[in-house]
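Coordinate analysis (summary)
Read off the chains here:
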Amino acid sequence: MSYADSWSQPGVLDFFTKERGTTSQVYPSEWFFLKDRLQEGMSVLDVGCAQGGFAGVLGEHLKSFSYTGVDISPEMIAKAKARHPAQRFFCCPEGDLTALKGERFDLVLVLGILHLHESWRDTLAGAWKHTRGALLFDLRETEGTTLDDKSVSWFGMDFSGDAEQAELRLPYIVLNAGEALGEAVRLTEGAARLSRYGYRHPPSTAARTPVAHIMTSAYLAEK
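Since the structure is predicted, the reported quantities are computational estimates derived from the model, not experimental observations.

Definitions and limits used
- Residues numbered from 1 in each chain as written.
- Predicted model: local features only at pLDDT ≥ 70, side-chain atom pairs only at ≥ 80, totals over all residues.
- Heavy atoms only, no water.
- Disulfide = S-S within 2.5 Å.
- Pairing = 2+ DSSP bridges.
- Helix = DSSP H or I, 4+ residues; strand = E, 2+ residues; numbered from the N terminus.
- Phe/Tyr/Trp six-rings, centres within 6.5 Å; stacked < 30°, edge-to-face > 60°.
- Buried < 20%, exposed > 50% of the residue type's maximum accessible area, 1.4 Å probe, protein only.
- Lys NZ or Arg CZ within 6 Å of the ring centre and 35° of its normal.
- Right-handed = clockwise from strand over helix to strand, strands pointing away.

This paragraph deals with the state of the cysteines. Within the structure shown, the criterion is met by zero disulfides. No disulfide involves C91; its sulfur sits 6.8 Å from the nearest other cysteine sulfur, which is in C92.

As structure tokens, this is what we get:
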């Protein structure tokens, strides 16, 4: 089963139909930066957009904006197009943003996906190339050793955390905080400013990982 298939599971589709579509459902670490970046007429790229929930969030605060969402799941993109027909959506292979050509955006979002796939560095570097103003992304961090082995730290895509089928498990990547910062700096080369804000809490209930607490850190890289 591919990662695209994992993200197209009925339970996952149902979750994003109900969640992550309003300001009240935006995580505190995300809203800390997002609220100050909103401006009329802005262009936004959402990498890993699911059903385009952030188009709904933006619509609560702005009268005029353009939103482009990309996702690896064709089912997610179909639902996104139905929910937000005025916006633009692409179904793209993981890490492939060639559909955007050389387009750049005032704000690029990469939220809730980097810790769930091994090639997260490539995804982040690609998003930075399409950033004209600022890039907002998040990572899961620990003060201990980085966990990037799916046999040790994983996420159950049935959202129970007890996925019986191994193919329903994604990596649950928890980075050493120092390493995370170093990679954030490296992958946003040339940023005029890089800011980080996060909070400590237990891992997702859908995750199986040896760490008892993680830091969900949002980063804002500005050109």
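Once you've had a look at it, read on.
The next subject is the sheet that holds strand β10 (residues 207-208). Strands sit in the order β7-β6-β10 across an open sheet of three strands; the sheet is antiparallel. The open sheet has two free edges, formed respectively by β7 (169-171) and β10, since each of these has just one partner strand. Bridge count between strand β6 (residues 154-156) and β7: three bridges; the pairing is antiparallel. By the bridge assignment, F155 is partnered in β7 with L170.

What follows covers the packing of aromatic side chains. Tallied over the full model, the rule gives seven aromatic pairs. For the pair F15 and F16, a centre-to-centre distance of 5.0 Å together with 85 degrees between the ring planes defines the contact as edge-to-face. The class of F16 is buried, set by a relative accessible area of 15%. Judged by centre distance (3.9 Å) and plane angle (10 degrees), the ring pair of F32 and Y197 falls under stacked. Of the two residues, F32 is situated in helix α3 (residues 28-34) and Y197 in strand β9 (residues 193-201); the sequence distance between them amounts to 165 residues. Residue classification places F32 among the partly exposed positions, given a relative accessible area of 36%. Residue Y197 is classed as partly exposed on the basis of its relative accessible area of 31%. One aromatic cluster is present, built from ring pairs that chain together W7, F15 and F16. The ring of F32 carries K35 above its face, with NZ or CZ at 4.9 Å from the centroid. Across from the ring centre of W154, 3.9 Å away, lies the NZ or CZ of R169, which sits over that ring.

Right, let's talk about the pairing of strand β5 (residues 131-142) for a bit. Most of β5 sits out of view: 11 of its 12 residues are buried. Where strand β4 (residues 105-110) lies against β5, five bridges are found, and the strand directions are parallel. Looking across to β5, one finds that V108 is bridged to L135. The handedness of the β4 to β5 crossover, carried by helix α6 (residues 120-129), is right-handed. The pairing of β5 with strand β11 (residues 214-222) spans eight bridges and is classified as antiparallel. Across the sheet, the residue bridging to A134 is E222, located in β11. Bridging between β5 and strand β8 (residues 175-176) involves two bridges; their strand directions are parallel. For E141, the partnering residue across the bridge sits in β8 and is L175.

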